[in-house]
Amino acid sequence: VRSAACRPPNPSTSTTFLSTMADPAQHNAAYALLHTKTVAQLGTVADVATLSKGDTVEDAVKLLNERKIHSAPVVDGKKAVGIVDMLDVAAHVCQVVPPSADGGDGGGAADGDDDATLPKPSAEDLKAMGGRTIALAPIGGVVNASDCDPLVELDEHTPSTVAAALFADGVHRCVITSGGELKGVVSQSDMVAALAAAASDSALAPMLDTPLHELGVGEAGITTCNVNDSVLRCLRVLRHYHHSAVPLVDDANVLKGTLSISDVSALFATRLPDFTMPVGEFLAKHSPKSMTPVCVKQASATMRDVLSTLGAEVTRVWCVDDDFKVTGVVSHTDVAKLVRDYVGDGGANPSKAAAAAAAAGGGGPPPPPPRRD
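This text gives an overview of the structure that appears in the document. (Residues numbered from 1 in each chain as written. Predicted model: local features only at pLDDT ≥ 70, side-chain atom pairs only at ≥ 80, totals over all residues. Heavy atoms only, no water.)

A few points about the overall build of the chain
Reasoning step 1: Along its length, the chain carries 16 helices and 12 strands.
Reasoning step 2: The buried share of the chain, reckoned over its 373 residues, is 51%.
Reasoning step 3: By sequence separation, contacts in the chain at least 24 residues apart represent 64% of the contacts at least 6 residues apart.
Reasoning step 4: Only carbon and sulfur atoms are counted for the fraction: they give 52% of the accessible area of the chain, which is about 15,800 Å². (Helix = DSSP H or I, 4+ residues; strand = E, 2+ residues; numbered from the N terminus. Buried < 20%, exposed > 50% of the residue type's maximum accessible area, 1.4 Å probe, protein only. Contact = heavy atoms within 4.5 Å. Areas by Shrake-Rupley, 256 points an atom, 1.4 Å probe, with all protein chains shown as cover.)

Encoded structure:
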C-alpha cells in the first residue's frame, strides 16, 4: 500500500474486491461481526477534525495534539485531498534536520538525507530549524511524507469488512465519503474497539483464546533502538522502516521502553534541541509513562490478552521472552490480518501455511512481505 504498484484495490471501483468480501459465512466470527456494520457505523462521522490546504505544519501539530488524535484529513472545500499524521511531520523534520545533529544517519542517509559529515548544528540552530520547519512549512508538502498513510476513500455504506481488509494490508485509516464529499474517518483503532467491546461473545472465543504462537502472531522480526540513542536517530529509524513506534532496549537487549510518534508530537516546534538527548533521558523528562513498556509473554499470551490492552492510545503490544527480550509485536494491523485470515484451526498466518506446505513438498502461497506498520 506504499506505492502505486502495490496499493490495494480501490473498493469503490473494484467489483472483484467487493465480491471477495461479501460472504461472512465464509470467514470467522470476528469477520461476521464487522460485516454487520457499515464504515459509517464503525468510524467517526460527527465533529471530524480536518485541515485545509492553506494550513501549516504547526497548525497540524496543534490540531492533532489538542484533539488527541493521530491524523486528520486535509480538505479542499468538502473533498478530502490527503491525510496528515504525526509520522508525516516526523519525516518532514528528519528531512530538514541534518543527520550530523544526532551523530549519525540512523537510517536517514539511506533515504537521501543531508550528509552526516556536515558540522553539528548548535542548540540555537536547532531552535531556528524547528521554527522554520513547523511554523512556516505548508501542509501540502507534508501530506503522506512518511509514505505510510495514503488517501483511501470508502462510501459510507461500505461494509466494515472492506475497511478491515485494507487495514490488514497496512492502511491505518480510511476517509468515509457521502456523494464524494468527506463525511468521516474510520481507523484501525475503531475496528479494535469494536472487537474488544464484543470480546465476551462466545463465538469469538476460539480466536481470542488461542495462544499467539499458535496463531502465528507476534513473531515478526523487530527493529530496536538503544536507550542511549538520540531521539533524532530513533526518529530516523522510524522513518526508514515506516514504523510509528520502536522498542527501546538496554545494552543487554532487555526491553526498557517505547518511543512512539505520539511521545514527541507536542514537542516538535518548541523542544527540537532536546531531540539530540539520549532517548531514555528524553522520555523520562517528557513522557515517563513510555518507559513502562506494554508487553506480553510470547509463550503464553493469547489474543484476548492483547485485545484487552490495545486501544486508541496503545496501538501495539511488544512480545517478549522470559528474559524480557523483544521477540515480536502485535499491532492493530495484525488484528486486522487475523480478522481477514483466521479459519478456526490456528492456521491463520500465511507464512506458517507456506512453511508447512513447503516442508510437505506441496508448495503453498508465498510468505507475506516485510511488515510496514
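Remarks on helix H15 (residues 332–341)
Reasoning step 1: Among the 10 residues that make up H15, 8 are buried, leaving the element largely enclosed by the rest of the structure.
Reasoning step 2: For H15, every residue scored as buried is listed here: His332, Thr333, Asp334, Val335, Ala336, Leu338, Val339 and Asp341.

Comments concerning the nonpolar core
Reasoning step 1: With 43 residues, the main nonpolar core has Met191, Leu212 and Met303 as its most contacted residues.
Reasoning step 2: A per-element tally of this core places helix H7 (residues 160–168) first, with 6 residues.
Reasoning step 3: Ignoring any residue separated from it by four or fewer positions in sequence, one finds leucine 212 in contact with Val217, Val296, Gln298, Ala301, Thr302, Met303, Val306, Cys319 and Val330.
Reasoning step 4: Counting residues in hydrophobic clusters, the runner-up holds 40 residues, among them Val57, Val84, Val93 and Phe282. (Core = buried A, V, L, I, M, F, W, Y, C linked by side-chain atoms within 4.5 Å.)

Things to note about helix H5 (residues 86–96)
Reasoning step 1: Within H5, 9 of the 11 residues are buried, which leaves the element mostly enclosed by the surrounding structure.
Reasoning step 2: Along H5, the residues that are buried comprise Met86, Leu87, Asp88, Val89, Ala90, Ala91, His92, Val93 and Cys94.
Reasoning step 3: Two or three places before leucine 87, at the opening of H5, aspartate 85 has a side-chain oxygen 3.1 Å from that residue's backbone nitrogen. (Polar contact = N/O pair within 3.5 Å; in protein donor to acceptor, adjacent residues only side chain to side chain.)

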